[in-house]
Amino acid sequence: MTSNFNVPTSREGDMDLKPTDYSTSCHNADVPNGMVTSIRQRVRTVFQSIGGLFFILVLFKIALSSFGYDVSISIIRLERVEPTLHEDTQKSCSTCSIYDAAITTRAPKPNVWAPISPEDNAAVWNWLHDPAQDLNLTLPQYAKINDNYIYWIDTLHVNKSDALPFMDGNGVKPKSYARVIIYEGGKAEPVAQEYMVGPLPVNSDTKMEKLDYIYNGGMGGAVPYDGRGVDVARRMALDNILAPTMAEIADITSAIFSGAQYYGFNDNRSTVTMNFGTPISLDGTQAHINAVFNFPGPALYLLPIDFYVLIDWTGTDTSLWSVKGFVTKERFFPNSTELRLAFDTGALVQDFQQRKDYDWALVKYQPELGERPLESRAAPQSTEIGGKRYKVDTEEKYVEYMGWSFYISHTRTLGLMFYDIRFNGERILYELSMQEAASQYGGFQPKAASTVYHDASYSLGSDVFPLVEGFDCPFGSTFWNMSFHEENRTVVHPNAICIFEQDPGHPLSRHRAAAYSTGAQSGTWGFENLGVVKNAELNVRFIATVGNYDYIFNYAFGLDGSLDISVRASGYLMSSYYYKDQGKFGPHIQQATQGSIHDHVITFKADFDIVNSANSFQKTELKAVPQNQPWFAEMGTFEQLELDSSILKEEQQLNWAPNHEVMYTVVNSKATNAWGEKRGYRIIPGKSNIHLSTMKSPWSRHNMAFAKSHLAVTRQHDIEPFANSVHNANLPWKPQQDFMKFFDNESVDEEDLVVWFNLGMHHFTRAEDVPVTLFSEAVSSISFAPQNFFDRAQDGDLKNRRWIVPDDVANTLSSEDYGVELPRCLKEPASEVQKIFVIEP
């Protein structure tokens, strides 16, 4: 629709503009519980509703009955025509409701990547515990470290070679399998063994096989028992040596550290908690643990004390475990006798006493810090004011948005995984998934110096918790539950995934064509036409709280065919006790606390299928080269920019070039656009694209090759689905999954290739990390954008735009809205366009 506006001829006209009337704005729309409205508004709402009308009639009947009149009330349901979506969103601002459900759709095919159902999980659990399977399993709540018991059950990924024939044609739907880890401590040579159980549902054909084919470390799905993770049984067993050791020196720790004592995990006399880092083994042939202690409470990570116990806990015979020594005051004591001698001579007096309170470290309002001006007003909100513009199939976890379509799956280790990502029906990515969230620390003490966390080993995907609407995600978002399996049960975290469309805060495209005939003269608009396109993006988000850290994972699907992936980190630092002479390991951030420096490296897998699976990886380098051009003979030889493009021939690890002078693009050499250019998608670095800083650390020697470059390109194989393994954190010298073995000189030219990329941040800790790290600063991102994939920019078919043409003679502006009218609570932007005015001297 085209509208004409008469506007003021000078800035003084602003004085005549009436303030916006918000009385019919979306602020008066239906609001959820917890949003405050006045008593008058509530009463008005009641009496304007059908229930309110009925209430009035009842009162009227009672009044007439008191005078002897017999009154009956009948309610007849009248059929009415439901308003169309356009009418619903344009006619009244009360229908700018952001809480309308997303439009439903039906996925074109079942989600073959979906997690196994609660019923299948329970059936697998019962099947494994059936004596007929001869596994001699003990229930986990009763298991000791020398028993056989199930560690966890998850979903086995579907091989790409099985999924594509079904998704792209009439192939058979792939069968579903469970992925099971059993801790087999009861064997003569105990191991942690992974199995695949299926097909599912459980039937006479169901069988259990070792899950060996996806690992290349030499033992298949088996891990030496000392290289397994720390579960409840193993943690409880640790107290067989740790509790008596600490009880023997309780008088020392209490005197030095303000009453700190440890008698055991479940002993009420304990006044501190114990934690530890990984790895707890180097190659699975031995096991060690460096125990550190903190004062308890929600902010315990900021309250460490300067005391470490080094333990050898190799094997399952706890009588053979031993204490290797103690560390405090930057000194190593091989036994308690030498520790006590130092204590008796006064050599262990601490320079700083750790505080034990933690109210100051909670993420809540701190009144003693005051209040900022106008902070009592509600903050701005991002809302889907025109209604939801995306469709979902909740059962199949399938989404459609402005040309995009994709499926979502979930595992307990990796969180959300995206499959069959298409734009305008063409597949861009077969898979996009997070592979590992690792962090390596530095310090001059046993824990920080040796700690490398692999958060997938802590089941990052099971730590995806309910989101806070309006704060974690915008009001009115679509929320999905997340579930994972725990023994024979399924745990459901409601509203743990959110989907929402938002305005990124800038137009998608814009141009103002200058009016060269009049120029910037007073009383004119100064332009011949102005076109601007509204931008938007669909976000899929989840937050994983793994121990001390909260990670926001966000995937934003743009209108132009671009896809942005970002990770933000908040939560508590894993801190250390502060020493004045250890500033090179981090700053002093609290009374007796140092912020330990560390790297965060989050690894992702992007299995590109540009048009089809025969893709290539193109490197385009921007070079300044010496040239001669005949029309500039007087210049002689001068530097000129050129593009130097090449195709990567073999699998390789890559880094971003200095000054970002190299562009990496996944292309399909056999598919070109209208101009003969190879269709592709460019990989664009965003904020803080890093890799691991330490290349030769003994604690990340061979198990983190995936984190040691910005990018890597490999040939896709079903036997290489993951960059890491659940148990790799404890196997830095002999990994179960060795990422470097992916690089075996295979061609990646016109092949099915995978791009592995890293996000993250070098965490230069600071006082502003207290109480928690801020999402605004700890952020990393990357984008995939069309590079000659189309024939032109993908904005011409978007109708949420304005085309404004002025007429200086008629003193009017013509504004075309293309039938997309704004809700009544918003002003037409063209009506606010002002003419140029000149301030004369």
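Remember, it's a predicted structure, so these values are computed and weren't measured experimentally.

## Quick look at the overall build of the chain
Next, step 1: Scanning the chain from terminus to terminus reveals 9 helices and 39 strands.
Next, step 2: Long-range contacts, defined as pairs at least 24 residues apart, comprise 66% of the intrachain contacts of the chain with a sequence gap of at least 6.
Next, step 3: Of the roughly 40200 Å² that the chain leaves accessible, carbon and sulfur atoms contribute 54%.

## Topic: the side chain of Ser281
Next, step 1: Note on placement: Ser281 falls in the loop between strand E8 (273-275) and strand E9 (288-294).
Next, step 2: Overall, Ser281 belongs to the buried group, its relative accessible area being 0%.
Next, step 3: At 2.9 Å, the side chain of Ser281 and the backbone nitrogen of Gly284 are in polar contact.
Next, step 4: Polar contacts involving the side chain of Ser281 include one to the main-chain carbonyl oxygen of Gln286, which spans 2.5 Å.

## What about the confidence of the model for the chain?
Next, step 1: Residues of the chain with pLDDT of at least 70 account for 88%, and the chain-wide mean is 90.
Next, step 2: Between residues 8-51, whose pLDDT stays under 50, and residues either more than four places distant or in other chains, the model counts 37 contacts.
Next, step 3: Below a pLDDT of 50 lies the segment residues 69-95, which in the model reaches 28 contacts outside its immediate sequence neighbourhood of four places, other chains included.

## A look at the state of the cysteines
Next, step 1: Taken as a whole, this structure holds 1 disulfide when the rule is applied.
Next, step 2: For Cys473, the disulfide goes to Cys498, at an S-S distance of 2.1 Å. Here the disulfide of Cys473 and Cys498 is left-handed, its torsion about the S-S bond being about -75 degrees. One end of the pair, Cys473, is in the loop between strand E18 (452-454) and strand E19 (478-486); the other, Cys498, is in strand E20 (residues 489-502), with 25 residues separating them in the sequence. Neither Cys473 nor Cys498 differs from the other in exposure class; each is buried.

## Quick word on the nonpolar core
Next, step 1: Formed by 129 residues in total, the largest nonpolar core has its most connected members in Phe553 and Phe784.
Next, step 2: With residues near it in sequence (within four places) discarded, Phe784 still touches Leu429, Leu432, Gly561, Ser562, Leu563, Ile565, Ala606, Phe608, Tyr681, Arg682, Ile683 and Phe757.
Next, step 3: Ranked by size, the runner-up nonpolar core spans 21 residues in total, among them Trp113, Val158, Met167 and Tyr398.

## Quick look at helix H8 (residues 336-344)
Next, step 1: Those residues of H8 not exposed but buried are Ser336, Leu339 and Ala342. Along H8, the residues classed as buried sweep out an arc of 120 degrees about the axis, all on the same side. Residues Thr337, Leu341 and Asp344 are exposed on H8 and point more than 90 degrees away from its buried face.
Next, step 2: Buried residues belonging to H8 abut helix H6 (232-248), helix H7 (250-256), strand E10 (304-312), strand E11 (322-328) and strand E12 (331-333).
Next, step 3: One side-chain oxygen at the N-terminal end of H8 lies 3.1 Å from the backbone nitrogen of Thr337; it belongs to Asn335.
Next, step 4: Within two residues after H8, Gly346 carries a phi angle of roughly 80 degrees, on the positive side.

## Quick notes on the environment of Asp212
Next, step 1: With respect to the helices and strands, the residue Asp212 is situated in the loop between strand E6 (207-210) and strand E7 (222-224).
Next, step 2: C-alpha separation for the pair Asp212 and Glu194, spaced 18 residues apart in sequence, amounts to 7.7 Å.
Next, step 3: For Asp212, the contacting residues outside a window of four places in its chain are Gln193, Met219, Gly220 and Gly221.

## Side note on helix H5 (residues 160-168)
Next, step 1: Taken residue by residue, H5 has Lys160, Ala163, Leu164, Phe166 and Met167 as its buried positions.
Next, step 2: Elements in contact with the buried residues of H5: strand E15 (404-411), strand E16 (415-423), strand E17 (426-441) and strand E29 (598-608).

## Topic: the sheet that holds strand E27 (residues 588-590)
Next, step 1: One open sheet holds the 3 strands; their spatial order is E26-E28-E27, and the pairing between them is antiparallel. Looking at which strands have only one partner, the edges of the open sheet turn out to be strand E26 (576-577) and E27.
Next, step 2: Sheet analysis places E26 next to strand E28 (residues 593-594), joined by 2 bridges and oriented antiparallel. Bridged to Tyr577 within E28 is Thr593.

## With respect to the pairing of E15
Next, step 1: Counting buried residues along E15, 8 of its 8 residues qualify, which places the element largely inside the surrounding structure.
Next, step 2: Alternating residues of E15 divide into Trp404, Phe406, Ile408 and His410 and Ser405, Tyr407, Ser409 and Thr411, and every residue in both groups is buried.
Next, step 3: Bridge count between strand E14 (residues 398-401) and E15: 4 bridges; the pairing is antiparallel. Its bridge partner lying in E15, Glu400 is registered against Ser405.
Next, step 4: Summarising the sheet, E15 and E16 pair through 7 bridges and their orientation is antiparallel.

## Comments concerning the sheet that holds strand E31 (residues 638-647)
Next, step 1: Pairing is antiparallel across the open sheet formed by 10 strands, whose spatial order is E19-E20-E23-E24-E25-E37-E34-E33-E30-E31. Each end of this open sheet is capped by a strand with a single partner; those strands are E19 and E31. On average, each strand axis in the sheet is tilted by 25 degrees relative to the strand beside it, whichever way the strands run.
Next, step 2: Pairing between strand E24 (residues 549-558) and strand E25 (residues 563-571): 9 bridges, direction antiparallel. From the neighbouring strand, Phe553 faces E25, where its bridge partner is Val567.

## A few points about the pattern of salt bridges
Next, step 1: All told, the structure shown has 32 salt bridges when counted by the stated rule.
Next, step 2: With a closest N to O distance of 3.8 Å, Arg715 and Glu746 form a salt bridge. In this pair, Arg715 is assigned in strand E35 (residues 711-715) and Glu746 in the loop between E35 and strand E36 (753-763), connecting sequence segments 31 residues apart.
Next, step 3: Here Arg802 and Glu828 are joined by a salt bridge, their closest N and O atoms 2.9 Å apart. Taken as a pair, Arg802 in strand E38 (residues 801-807) and Glu828 in the segment after strand E39 (812-816) lie far apart in primary sequence, 26 residues in all.
Next, step 4: For Arg802, a relative accessible area of 9% puts it in the buried group.

## Comments concerning the environment of Glu677
Next, step 1: By the secondary structure assignment, Glu677 is in the loop between strand E33 (662-672) and strand E34 (678-685).
Next, step 2: Classification of Glu677 as partly exposed rests on a relative accessible area of 41%.
Next, step 3: Residues Glu677 and Val667, 10 residues apart in the sequence, show an inter-C-alpha distance of 9.7 Å.

## What about the packing of aromatic side chains?
The relation between two aromatic rings is expressed through the spacing of the ring centres and the mutual angle of the planes.
Next, step 1: For the structure shown, the criterion picks out 42 aromatic pairs.
Next, step 2: When the ring of Tyr441 is compared with that of Tyr453, the centres are 6.0 Å apart and the planes differ by 90 degrees; the resulting orientation is edge-to-face. Placement of the pair is Tyr441 in strand E17 and Tyr453 in strand E18, with a sequence separation of 12 residues.
Next, step 3: One aromatic cluster in this structure is built from Trp404, Phe406, Phe418, Phe423, Tyr555, Phe557, Tyr681, Phe789 and Phe790.

## Section: unusual backbone geometry
Next, step 1: The linkage connecting Thr278 with the following residue, Pro279, adopts the cis geometry, with an omega of 10 degrees.
Next, step 2: With respect to the element layout, Pro279 can be found in the loop between E8 and E9.
Next, step 3: A cis amide bond links Val770 with the next residue in sequence, Pro771, at an omega value of 5 degrees.
Next, step 4: Residue placement: Pro771 occurs in the loop between E36 and strand E37 (779-787).
Next, step 5: The phi dihedral of Lys329 is positive, around 55 degrees, even though this residue is not glycine.
Next, step 6: Along the chain, the position of Lys329 falls in the loop between E11 and E12.

Conventions and cut-offs
Residues numbered from 1 in each chain as written. Predicted model: local features only at pLDDT ≥ 70, side-chain atom pairs only at ≥ 80, totals over all residues. Heavy atoms only, no water. Helix = DSSP H or I, 4+ residues; strand = E, 2+ residues; numbered from the N terminus. Contact = heavy atoms within 4.5 Å. Areas by Shrake-Rupley, 256 points an atom, 1.4 Å probe, with all protein chains shown as cover. Buried < 20%, exposed > 50% of the residue type's maximum accessible area, 1.4 Å probe, protein only. Polar contact = N/O pair within 3.5 Å; in protein donor to acceptor, adjacent residues only side chain to side chain. pLDDT = per-residue confidence, 0-100. Disulfide = S-S within 2.5 Å. Core = buried A, V, L, I, M, F, W, Y, C linked by side-chain atoms within 4.5 Å. Arc of directions from axis to C-beta. Pairing = 2+ DSSP bridges. Axes fitted to C-alpha atoms, helices over the stretch in contact; angles between N-to-C directions. Salt bridge = Lys/Arg side-chain N within 4 Å of Asp/Glu carboxyl O. Phe/Tyr/Trp six-rings, centres within 6.5 Å; stacked < 30°, edge-to-face > 60°.

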